[in-house]
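Working through the structure, step by step
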Amino acid sequence: DSTGAAEAAARGDVNVAKLLYRHALSLQAFGTAANYWSCRNADDTLAVQLDVEQAAEKLVESTKVLVKSGVFPPAYLLQAEANLREKRTVRINAELDAHEARFSLGQSLGLAPEAIATTPTPVDTFPALTASLTPFSDQTRSALIVRALQHRSDYLAVKQSLVPLNILTRQAELDLKP
């Protein structure tokens, strides 16, 4: 009867809601991990840009000496200074990126707003590349995709949401018959 169909559909909706909740938790965990490694990357990039800026400063100092001694024309000093300004701008942008990445990580970790500014620096380094990370064959890739779909809560929720809809549709068709 219609009441039984509505009840069965509601049970199916509860299962779908659980799957969607599980998927939301998975997305949150994935986002936190991605923000962690983005923060690590931004910190590493900033360290490189600081080194590049220091090298550009040394180049300017060396060029000043060579220009004063007459080995290089003054235009070389202008080029070195312009290069330093460019490197400094890139370093400043890297600092901003590092702050933004740390802010995103703090939010992902669920830190209080006043604690986000002091989000700790990620301490893990990037894993080393190994031969096991070589590209997959088409057959292996297909098997992994099938396996992933079997565990994707959002995909399973979509598939399972059809069950309560089919129950209600079947009952509505039965209710319409004379």
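Here the structure is a predicted model, which means the values were calculated and not measured. (Residues numbered from 1 in each chain as written. Predicted model: local features only at pLDDT ≥ 70, side-chain atom pairs only at ≥ 80, totals over all residues. Heavy atoms only, no water.)

Quick word on helix H5 (residues 153-176)
Worth spelling out the cut-off: Under the DSSP-based scheme used, a helix requires at least four consecutive residues in state H or I and a strand at least two consecutive residues in state E, with every element numbered from the N terminus. For a helix, the expected span equals 1.5 Å multiplied by the number of residues minus one. The buried label applies to any residue whose accessible area, calculated with a 1.4 Å probe on protein chains only, is under 20% of its type's maximum; exposed applies above 50%, and partly exposed to all values in between.
With 24 residues, H5 extends 35 Å from end C-alpha to end C-alpha; this agrees with the ideal 34 Å at 1.5 Å per step. By the burial criterion, the buried members of H5 are Ser153, Asp154, Leu156, Ala157, Pro164, Ile167 and Gln171.

Digging into helix H2 (residues 74-109)
Spanning 36 residues, H2 covers 53 Å between terminal C-alpha atoms, matching the ideal 52 Å at 1.5 Å per step. All buried positions along H2 are accounted for by Leu77, Ala80, Leu84, Arg91, Ala94, Ala98, Ala101, Arg102, Leu105 and Gly106. In the stretch just after H2, glycine 110 is the one whose phi turns positive, near 80°.

With respect to the packing of aromatic side chains
As a reminder, the rule being used: Each Phe, Tyr or Trp ring (for Trp, its six-membered ring) is paired with any other whose centre lies within 6.5 Å, and the angle between the two planes then decides the class: stacked below 30 degrees, edge-to-face above 60, tilted in between.
Within this structure, the stated rule accounts for 3 aromatic pairs. Arranged with centres 5.1 Å apart and planes meeting at 85°, the rings of tyrosine 36 and tryptophan 37 form a pair that is edge-to-face. A relative accessible area of 19% means that tyrosine 36 is categorised as buried. Accessibility expressed as a relative area gives 30% for tryptophan 37, which makes it partly exposed. A ring pair is formed by phenylalanine 72 and tyrosine 76, whose centres lie 4.7 Å apart and whose planes are at 45°; its orientation type is tilted. When its relative accessible area of 39% is taken as the criterion, tyrosine 76 is described as partly exposed. Through pairs of rings, three or more aromatic residues link up here, namely Tyr36, Trp37 and Phe126.

Quick notes on the pattern of salt bridges
Note the cut-off: The term salt bridge refers to a pairing of a side-chain nitrogen on Lys or Arg with a carboxyl oxygen on Asp or Glu at a separation within 4 Å.
Across all of its chains, the model carries 8 salt bridges by this definition. In this structure, arginine 102 engages aspartate 43 in a salt bridge whose closest nitrogen and oxygen atoms are separated by 2.6 Å. Highlighted residues: arginine 102 in helix H2 and aspartate 43 in helix H1 (residues 2-68), separated in sequence by 59 residues. Given a relative accessible area of 14%, aspartate 43 falls into the buried group. The shortest N-O distance in the salt bridge between aspartate 154 and arginine 152 comes to 2.4 Å. A relative accessible area of 40% means that arginine 152 is categorised as partly exposed. Because the salt bridges share partners, they merge into one network encompassing Glu53, Glu57, Arg88, Arg91 and Glu95.

Details of the packing of helix H4 (residues 138-151) against H5
Put simply, the test is: Lines are fitted to the C-alpha atoms to define the axes, a helix being fitted only along its stretch in contact, and any angle between axes, read from their N-to-C directions, falls within 0 to 180 degrees. For classification purposes, angles smaller than 35 degrees are called roughly parallel, those larger than 145 roughly antiparallel, those between 65 and 115 roughly perpendicular, and all remaining angles oblique. By definition in these notes, contact holds between two residues if any of their heavy atoms fall within 4.5 Å. Only Asp, Glu, Lys and Arg are considered charged, only Ala, Val, Leu, Ile, Met, Phe, Trp, Tyr, Cys and Pro nonpolar, and every remaining residue, Gly among them, polar.
As a packed pair, H4 and H5 sit with axes 5 Å apart at the nearest point and diverge in direction by 65°. It follows that H4 is roughly perpendicular to H5 by the angle criterion. Residues Leu149, Gln150 and His151 of H4 lie in contact with H5, whose contacting residues are Ser153, Tyr155 and Leu156. Residues of the contact of H4 with H5, tallied by class, amount to 3 nonpolar, 3 polar and no charged.

Quick look at the confidence of the model for the protein
Inclusion rule: The pLDDT value tells you how sure the predictor is about a given residue, anywhere from 0 up to 100.
In the predicted model, the protein carries a mean pLDDT of 88, and the fraction of residues at 70 or more is 95%. Mean pLDDT across the elements of the protein bottoms out in H5 (79) and peaks in H2 (97).

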